[in-house]
Amino acid sequence: MTKEQIAEKEAAARPDFSTRLIHFGSEICKQTGAASIPIYQASTFHHFDIEQPPEFDYSRSGNPTRQVLEEYIATLEGGARGFAFSSGMAAISAAFFMLSAGDHVICTEDVYGGTYRFLTTVLNRMNIDTTFVDMTDLDRVKAALRPNTKAIYIETPSNPTLKITDIEAVVSWAKEHQLLTMLDNTFMTPYHQRPLEHGVDIVLHSATKFLGGHSDVLGGLAVAANEKLGEQLKQIQNGLGCVLGVQDSWLLIRGMKTLQARMEVSERGAARLSSWLAGRLDVAKVYYPGLADHPGRAIHEKQSKGYGAVVSFDLGSGEKAKRLLSRVRIPIVAVSLGAVESILSYPAMMSHAAMPREVRLERGITDGLLRYSVGLESIDDIIADLERALAED
Ligand SMILES: *Cc1c(COP(=O)(O)O)cnc(C)c1O
């Protein structure tokens, strides 16, 4: 058998994602058989024999509870090593510390606001410059290349207008130029999209969103495609010290076990919601990669198994958007997404408030734009709630 045939056979023998989500290898306590892994609330570890250092010696460098979470996300994404951080931004900024002074980064223009802030107010002071480009257009990505370009940072679907980047096209071009490729997979999760399988080097998550799923934990995860990158990330994680605490590690593991069950329900709801919104005359525009008229739909289907649970829509004016926000009864009105409860956000005044108005409008983030993250409530109730809130106009 060739190497490819062996890999194919192994992949075929691998249990389905839903099974791996529950039986990921370290889900049972090896000492006691406990069905849930223990929380090792310890900062340091006794050396029983000074000649033989223990596997764990200090919790910043490694903790058994956190390690289970790190192995869990590595398994789900199909990578070599996983790392858990104190927030999504901690994971993302740690990944950027792979770069050195004088390096240049190409980044998707509608990147998460916190990432934009880190690149333009922190990393720039380390003499690392970023060019922001519309990554739906490969020619613009290519045009941004400089002699000192070292990395490319992708987010697809993007936030909040759900633009799609062709992962394989960008990554194969990046590899020709030996660029490090990083991708923020928060919106899709490994259930739908596994970027490492498309050649990406480092996958990043705000685990605060779908992975945690209950609006009760702040956390970040990173997965390295190979051991070498894993070793580098490990050094950065230990050096920066922004690790996830053990209680939160345990909560994340607990939340992640129901990822698929939650995603399926929320996504079915989002599909219904998007077509209902698209059929209304008082809704100017609807953004959802599952809609037939979404410009990135075909590319998205090539690289993802589903469309996710986030729907953005434009009511045409800031007054209408604000009225809706004051009238809805089901969703919480807040930043964040990916939870059991529906979350309705208003990008213009929340996540993108710091962006200059002209830039914001240029990117489709108008005063009338709202972003609905569908939770686990009845979709009939969610639609009825919106219908009532819109009817009052
Ligand atoms: C929320 C979010 C982040 C930041 O994660 P935190 O856990 O809030 O630090 C990064 N990327 C995306 C796409 C997000 O939605």
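Residues numbered from 1 in each chain as written. Predicted model: local features only at pLDDT ≥ 70, side-chain atom pairs only at ≥ 80, totals over all residues. Heavy atoms only, no water.

Colleague: So what exactly am I meant to see when it comes to the site of the ligand here?
Modeller: Not every one of the 13 residues close to the ligand is listed here, only the nearest: Gly 88, Met 89, Asp 184, Thr 208 and Lys 209. In the environment of the ligand, a nitrogen atom lies 2.6 Å from a nitrogen or oxygen atom belonging to the side chain of Asp 184. Contact between the ligand and Thr 208: an oxygen atom at 2.7 Å from a side-chain N or O atom of the residue. Summarising the interface, the protein chains cover 93% of the accessible area of the ligand, which totals 380 Å² for the free molecule. When atom positions are compared with the pocket grids, the ligand is found to occupy the largest pocket. For the shell around the ligand, the element with the most residues is helix H4 (residues 88-96), which contributes 3 residues. (Near = heavy atom within 4 Å. Polar contact = N/O pair within 3.5 Å; in protein donor to acceptor, adjacent residues only side chain to side chain. Areas by Shrake-Rupley, 256 points an atom, 1.4 Å probe, with all protein chains shown as cover. 1 Å grid on protein atoms, 1.4 Å probe; cavity = no way out; pocket = protein on both sides within 12 Å on 5 of 7 lines; lining within 4 Å. Sits in = over half its atoms within 2 Å of the grid points. Helix = DSSP H or I, 4+ residues; strand = E, 2+ residues; numbered from the N terminus.)

Colleague: Sorry if this is basic, but what is going on with helix H3 (residues 64-77) here?
Modeller: Note: α-helices contain 3.6 residues per turn, so residues at a spacing of three or four share the same orientation. For H3, with 14 residues, the first-to-last C-alpha span of 20 Å sits near the 20 Å given by 1.5 Å per residue. Burial of H3 is extensive: 11 of the 14 residues sit out of reach of the surface. Looking only at H3, the buried set comprises Pro 64, Thr 65, Arg 66, Val 68, Leu 69, Glu 70, Tyr 72, Ile 73, Ala 74, Leu 76 and Glu 77. The opening residue of H3, the one whose side-chain oxygen lies 2.8 Å from the backbone nitrogen of Thr 65, is Asn 63. Count one or two residues on from H3 and you reach Gly 78, which has phi positive near 75 degrees. (Expected span 1.5 Å × (residues − 1). Buried < 20%, exposed > 50% of the residue type's maximum accessible area, 1.4 Å probe, protein only.)

Colleague: Any chance you could explain the packing of helix H11 (residues 259-278) against helix H15 (residues 379-391) here in plain terms?
Modeller: For any two helices packed against each other, one specifies the crossing angle of their axes together with the interaxial distance. In contact at an axis separation of 10 Å, H11 and H15 are set at 30 degrees when each is read in the N-to-C sense. Looking at the two axes, H11 sits roughly parallel to H15. Our pair here, H11 against H15, has a crossing hand that is right-handed. Within the contact between the two elements, H11 uses Gly 269, Arg 272, Leu 273 and Trp 276 and H15 uses Ile 379, Asp 380, Ile 383, Leu 386, Glu 387 and Leu 390. Partitioned by chemical class, the residues of the contact of H11 with H15 number 6 nonpolar, 1 polar and 3 charged. (Axes fitted to C-alpha atoms, helices over the stretch in contact; angles between N-to-C directions. Parallel < 35°, antiparallel > 145°, perpendicular 65-115°, else oblique. Left-handed = near helix turned anticlockwise from the far one by under 90°. Contact = heavy atoms within 4.5 Å. Nonpolar A, V, L, I, M, F, W, Y, C, P; charged D, E, K, R; others polar.)

Colleague: What am I meant to see in the environment of Tyr 288 here?
Modeller: Mapping Tyr 288 onto the fold places it in the loop between strand E8 (285-287) and helix H12 (297-303). A sequence separation of 19 residues divides Tyr 288 from Tyr 307, and the C-alpha atoms of the two residues are 7.4 Å apart. Residues contacting Tyr 288, with those up to four places away along its chain left out, are Leu 162, Glu 267, Ala 270, Ala 271, Ser 274, His 294, Tyr 307, Gly 308, Val 310 and Val 311. At 2.7 Å, the side chain of Tyr 288 and the backbone oxygen of Gly 308 are in polar contact.

Colleague: I tried to follow the sheet that holds strand E11 (residues 343-345) on my own but got confused; where do I start?
Modeller: Each strand in a sheet pairs with another by means of backbone hydrogen bonds, the pair being arranged parallel or else antiparallel. Taking strand neighbours across the sheet as the criterion, the 5 strands line up as E8-E9-E12-E11-E10 in an open arrangement whose pairing is mixed. For this open sheet the edge positions go to E8 and strand E10 (332-333), each flanked by a neighbour on one side alone. In terms of strand pairing, E8 meets strand E9 (residues 310-314) through 3 bridges, oriented antiparallel. Looking across to E9, one finds that Tyr 287 is bridged to Ser 312. The strands touched by helix H13 (residues 318-327) within the sheet are E9, E10, E11 and strand E12 (369-373), with E12 carrying the most contacts at an inclination of about 30 degrees. (Pairing = 2+ DSSP bridges.)

Colleague: Please clarify how the pattern of salt bridges should be interpreted in this entry.
Modeller: For the structure on display, the rule yields 17 salt bridges. Its salt-bridge partner being Arg 280, residue Glu 387 comes within 3.8 Å of it at the nearest N-O pair. You can see Glu 387 sitting in helix H15 and its partner Arg 280 sitting in the loop between H11 and E8, a full 107 residues away along the chain. Given a relative accessible area of 19%, Arg 280 falls into the buried group. Sharing partners across several salt bridges, the network here consists of Arg 81, Glu 227 and Glu 231. (Salt bridge = Lys/Arg side-chain N within 4 Å of Asp/Glu carboxyl O.)

Colleague: Explain the environment of Ile 167 here, please?
Modeller: Relative to the helices and strands, Ile 167 resides in helix H7 (residues 167-176). Given a relative accessible area of 0%, Ile 167 falls into the buried group. On a C-alpha basis, the gap between Ile 167 and Phe 56 in space is 37 Å, while along the polypeptide they are 111 residues apart. Those residues in contact with Ile 167, other than ones at most four positions away along the chain, are Thr 156, Leu 183, Gln 193, His 198, Val 200 and Gln 303.

Colleague: How should the domain arrangement of the protein be read in this particular structure?
Modeller: By a widespread convention, an interface's size corresponds to the accessible area lost as its parts come together. When its domains are assigned, the protein resolves into domain 1 (12-256) and domain 2 (259-391). With centres defined by C-alpha atoms, the gap from domain 1 to domain 2 works out at 26 Å. At the junction of the two partners, domain 1 supplies 31 residues and domain 2 supplies 38 residues. Where domain 1 abuts domain 2, roughly 3200 Å² becomes buried across the two surfaces, and 60% of that area is made up of carbon and sulfur atoms. Sorting the residues of domain 1 by area buried against domain 2 places Tyr 191, His 192 and Phe 210 first, and these three jointly supply 23% of that buried surface. The interface formed by domain 1 and domain 2 contains 18 residue pairs in polar contact (both at pLDDT 80 or more). Residue assignment for the side of domain 1 that touches domain 2 shows that the elements contributing at least two residues are helix H2 (17-22), helix H8 (189-192) and helix H10 (246-256). Looking at the side of domain 1 that touches domain 2 residue by residue, the class counts come to 13 nonpolar, 14 polar and 4 charged. (Domains from an automatic or database assignment. Buried area = accessible area lost by both parts, 1.4 Å probe.)

Colleague: Any chance you could explain the pairing of strand E7 (residues 220-224) here in plain terms?
Modeller: Both faces of the sheet carry side chains from a regular strand, because those side chains alternate between them. Among the 5 residues that make up E7, 5 are buried, leaving the element largely enclosed by the rest of the structure. What you see with E7 is no split at all: Gly 220, Ala 222 and Ala 224 on one side and Leu 221 and Val 223 on the other are buried throughout. Of the pairings in the sheet, the one linking strand E1 (residues 81-85) to E7 comprises 5 bridges and is antiparallel in character. Its bridge partner being in E7, Gly 82 is matched across the sheet by Val 223. Here 5 bridges tie strand E6 (residues 202-206) to E7, and the two strands are oriented antiparallel to one another. Paired with Leu 204 across the strands is Ala 222, a residue of E7.

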